[in-house]
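Okay, here's what each chain looks like letter by letter:
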Amino acid sequence: MNLAIFHLAFPVGDIAQAKIFYAEGLGCEIGRESATSVIMNLGGHQLVAHLSPEPLTPQRSVYPRHFGLIFTNEADWEALLRRSQQHGLTFYQSPKERFVGLPLEHRTFFLADPFHNLLEFKFYRHAAAIFGEVDYTQVGDPR
């Protein structure tokens, strides 16, 4: 398969506030926009924030819904972590390491945007764990 670009549409309560979080905070490039939506580039993938007429409420945990990026270079993960801290973004979960000592070992942190959308950013010590390591059953934190 040729390179495919992922597309994700999600609800927000204010387009200007979404642009502050995603563009100024995370560094997304802003694309087309209207009064009710804005297209953004997150790591080469298309995010579309749509103004929601419904009230936006927080989830009780990171499960089941969140989105983000998996970095293949640890320095890039660390750079986004520093940027998030410098811009005062809201951490839903502080940076931590999961599954230390296993082939699934990875670094992760979660951010919450102003509309309760949760974003996770990861770096795996072993790239095979991104889609493989099927002999292991661990996925995320215990619930």
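What you see is a predicted model; the values in this text were computed from it and never measured.

Draft legend 1. The arrangement of the nonpolar core in detail. Phe10, Tyr22, Leu26, Met40, Leu47 and Phe121 are the most contacted members of the largest nonpolar core, which totals 27 residues. Elements with a contribution of two residues or more to this core: strand S1 (7–12), helix H1 (15–25), strand S3 (37–42), strand S4 (45–51), strand S5 (67–71), helix H2 (74–86), strand S7 (106–112) and strand S8 (118–124). Leaving out residues up to four positions away in the same chain, phenylalanine 121 has contacts with Leu26, Gly68, Leu69, Phe71, Trp77, Leu80, Arg107, Thr108, Phe109 and Leu111. Membership of the second largest hydrophobic core comes to five residues, among which are Val62, Tyr63, Phe110 and Ala112.

Draft legend 2. Region of interest: the side chain of arginine 107. Looking at the element boundaries, arginine 107 is found in strand S7. A relative accessible area of 16% places arginine 107 in the buried class. Side chain to side chain, arginine 107 and glutamate 78 meet in a polar contact 2.7 Å long. Not counting chain neighbours up to four residues away, the residues in contact with arginine 107 comprise Glu74, Trp77, Glu78, Lys96, Glu97, Phe121, Lys122, Phe123 and Arg125.

Draft legend 3. Spotlight on the pattern of salt bridges. Considering all chains together, one arrives at eight salt bridges under this definition. Arginine 125 serves as the salt-bridge partner of glutamate 74, at 2.9 Å between the closest nitrogen and oxygen. Here glutamate 74, found in helix H2, pairs with arginine 125, found in the segment after S8; they are 51 residues apart in sequence, far enough to count as distant. Look at glutamate 74 and you get partly exposed, because its relative accessible area is 22%. By relative accessible area, arginine 125 is classed as partly exposed at 32%. Taking the shortest distance from any N to any O, the salt bridge between arginine 125 and glutamate 97 comes out at 3.5 Å. Highlighted residues: arginine 125 in the segment after S8 and glutamate 97 in strand S6 (residues 90–98), separated in sequence by 28 residues.

Draft legend 4. Geometry of the side chain of histidine 106. You can see histidine 106 is positioned in strand S7. Within the structure, histidine 106 has its side chain in polar contact with the backbone oxygen of leucine 104 (distance 2.9 Å). Leaving out residues up to four positions away in the same chain, histidine 106 has contacts with Lys96, Glu97, Arg98, Phe99, Lys122, Phe123, Tyr124 and Arg125.

Draft legend 5. The arrangement of the environment of leucine 8 in detail. Looking at the element boundaries, leucine 8 is found in strand S1. Spatially, the C-alpha atoms of leucine 8 and isoleucine 39 are 9.8 Å apart, while their sequence positions differ by 31 residues. Apart from the residues lying within four places of it in its own chain, the contact partners of leucine 8 are Gln46, Leu47, Val48 and Phe67.

Scoring rules and cut-offs
Residues numbered from 1 in each chain as written. Predicted model: local features only at pLDDT ≥ 70, side-chain atom pairs only at ≥ 80, totals over all residues. Heavy atoms only, no water. Core = buried A, V, L, I, M, F, W, Y, C linked by side-chain atoms within 4.5 Å. Buried < 20%, exposed > 50% of the residue type's maximum accessible area, 1.4 Å probe, protein only. Helix = DSSP H or I, 4+ residues; strand = E, 2+ residues; numbered from the N terminus. Contact = heavy atoms within 4.5 Å. Polar contact = N/O pair within 3.5 Å; in protein donor to acceptor, adjacent residues only side chain to side chain. Salt bridge = Lys/Arg side-chain N within 4 Å of Asp/Glu carboxyl O.

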